[in-house]
Amino acid sequence: EYRREATHLNFSKISLTDDTNNTDKEEKNVDPVVFEADHFIKSGNGIFPCQAAASLKNLHGIANPLCCALHPADDSLLVTGGADSSLRLCLWGAALAPDADSSARVVHSAPQLHFSAPVISTSFLCSSQIPGINALAVGLMDGSVHFASYDRIAAGAKTNLTLKSLLNSQVIDDNVYGNSKTQPHHIKHSKFVKNLAWSPSEPILASASSDGTVRLTKVISIFGNAVAGGVATKSAPTSMSIDEDDEEFSKSNKEPEIVTKEILTLHLPGPVEAMTFLNNGDVLCCYVRGTSYLSYFDLRDDCKQTKYSINGGSLLDDHVSFTIMSLHPSPIEGGKYLAAATDTSRNIIFEAGTPRQIRNLYGHQNDSYSNAKIAWSSSGQYLFGNTQEDCSVCVWDIASSSIIKRSAGHEGAIRDIFSSAYSDTLATVSYDKTVKIWLNMY
């Protein structure tokens, strides 16, 4: 069956067509005859991760890994979540050692936390926001969001990792930097937590769920250290290794603690499939299943919502033939472009804050039963995506809109993809129960 987009000229290359008769007040006017510079004219330089350099088998035992993330400032640190309801943290670089047991040692030494449901999303808090504090957020299939802390401990020539749950307390009055009252609290959605994202400018977490809600939560303090403007007012402890079986610990009931404050909750018309921060955290962009637009929420203006069509034109065209399953801003031009993976064997590059489709990328297979994912290369010249046909990582050269490489290695469908923002490093997790790190080995 012909897709509607196939009727447009150059639909597989560049679309600069907008509806000049757009009267929908929810969408800003965009001049259809403005020909801005195309940042994707020149083909890529050929440098991108394409070889599986490390393979971590059974990191989650007999269960499948479901999500992964590399640390935003140190991509040697990898976190994964699994169907076994566990979170695992590892320094994957040790798996590059030449001996045959190096990968097994990394798997064996990776600390883990167990939760009440499968871990389907996770995200590191950027350490530069709160110097000395190492924390991450964890989203579960039961709708709950948890926090964890981690640390590196030198042991001779080796480095060991610790991983601990953080007790979450919520501020219940307005005196957030004084003697505030708090109470135990869990961020709780009623369905899957599909996406987690930290603001790049301050310690604000956005959690998006299949129940149609997006919750914004601000970190006020960690370990008793107040956070003001993204900086801890006291130095944090250098180690977070606490023996919960210790008698003194049990008596004092003094657990590692994070204090948060709920900023707001958005109630959207359907499951929130994809979400990301833009404009250095000033804007939150969301896609809701069944809608024909991306929603941009201006956090500086009382979360004012602006909608832009994903059909390349007016919001009056409310037909939608695909669902955006993954959404990521470009590492170039300050996130000017958004890469979107859909469930119709089509990936799209949008110009953020407009309805313009800059590229449409084909050549792979993803349908409504898939878990389409996408990631940018650190150079912004390539995109990585999964495909149902052969369990490979597809690499698109954006300029030519063509697949230039299918990186083979997994034997099961790829469940998640995460690319480093500053080096040629890619992480993937698969239903073959393997986590792989891809590097540029040339």
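Above this text is the structure in question.
As a starting point, this report considers the structure included with it. (Residues numbered from 1 in each chain as written. Predicted model: local features only at pLDDT ≥ 70, side-chain atom pairs only at ≥ 80, totals over all residues. Heavy atoms only, no water.)

**Topic: the overall build of the protein**
Selection rule: Going along the chain from the N terminus, every DSSP run of H or I of four or more residues is numbered as a helix, and every run of E of two or more is numbered as a strand. Classification of residues uses two cut-offs on accessible area relative to the type maximum, computed with a 1.4 Å probe and protein chains only: under 20% is buried, over 50% is exposed, and between them is partly exposed. The criterion used for residue contact is that any of the two residues' heavy atoms lie within 4.5 Å. Per-residue and other accessible areas were derived by the Shrake-Rupley procedure at a 1.4 Å probe size, with only the shown protein chains allowed to occlude residues.
The number of helices and strands found in the protein is 2 helices and 32 strands. When burial is assessed residue by residue, the protein has 54% of its 442 residues classed as buried. Partitioning the intrachain contacts of the protein with sequence separation of at least 6 by distance along the chain shows that 55% fall at a separation of at least 24. Within the structure as shown, the protein displays about 19200 Å² of accessible surface, and the carbon and sulfur contribution to it stands at 50%.

**Details of the pairing of strand β2 (residues 65-70)**
Condition: Note on pairing: two strands pair once DSSP finds at least 2 bridges between them.
Of all 6 residues making up β2, 6 are buried, and the element is well covered by its neighbours. Taken together, the 5 bridges between β2 and strand β3 (residues 77-82) define a ladder with antiparallel strand orientation. Across the sheet, residue leucine 70 finds its bridge partner in β3, namely leucine 78. What sits between β2 and β3 in their antiparallel hairpin is a turn of 6 residues.

**Focus on the pattern of salt bridges**
Using the following cut-off: Salt bridges are defined by distance alone: a side-chain nitrogen of Lys or Arg within 4 Å of a carboxyl oxygen of Asp or Glu.
Summed over all chains, the structure comprises 11 salt bridges. Residues aspartate 74 and arginine 152 are paired through a salt bridge, measuring 2.2 Å at the closest nitrogen-oxygen approach. One end of the pair, aspartate 74, is in the loop between β2 and β3; the other, arginine 152, is in strand β8 (residues 144-155), and 78 residues separate them in sequence. Aspartate 74 gets classed as partly exposed once you look at its relative accessible area, which sits at 25%. In this structure, the salt-bridge partner of glutamate 202 is lysine 218, at a minimum N-O distance of 3.6 Å. One end of the pair, glutamate 202, is in the loop between β12 (193-198) and β13 (204-209); the other, lysine 218, is in strand β14 (residues 213-222), with 16 residues separating them in the sequence.

**What about the side chain of threonine 354?**
Heads up, the condition is: In protein, a polar contact means a hydrogen-donor-capable atom and an acceptor-capable atom, both N or O and within 3.5 Å, with residues adjacent in sequence counting only if both atoms are side-chain atoms; elsewhere, any N or O pair within 3.5 Å suffices.
Here threonine 354 lies in the loop between β24 (347-351) and β25 (357-361). Among the polar contacts listed, one links the side chain of threonine 354 to the backbone oxygen of glutamate 351, at a separation of 3.0 Å.

**Remarks on the packing of aromatic side chains**
Applied cut-off: Stacked, tilted and edge-to-face pairs are distinguished by plane angle, under 30 degrees for stacked and over 60 for edge-to-face with tilted covering the rest, among Phe, Tyr and Trp rings (Trp via its six-membered ring) whose centres lie within 6.5 Å.
Going through the model one piece at a time under the given rule, you end up with 6 aromatic pairs. Ring plane angle 55° and centroid distance 6.3 Å describe the contact between phenylalanine 147 and tryptophan 198, whose orientation is recorded as tilted. Here the residue phenylalanine 147 occupies a position in strand β8, and tryptophan 198 occupies one in strand β12, the gap between them amounting to 51 residues. Comparing phenylalanine 147 with tryptophan 198 shows no difference in burial state: the two are buried. An aromatic cluster is built from Phe40, Tyr337 and Trp376, whose rings are joined through pairwise contacts.

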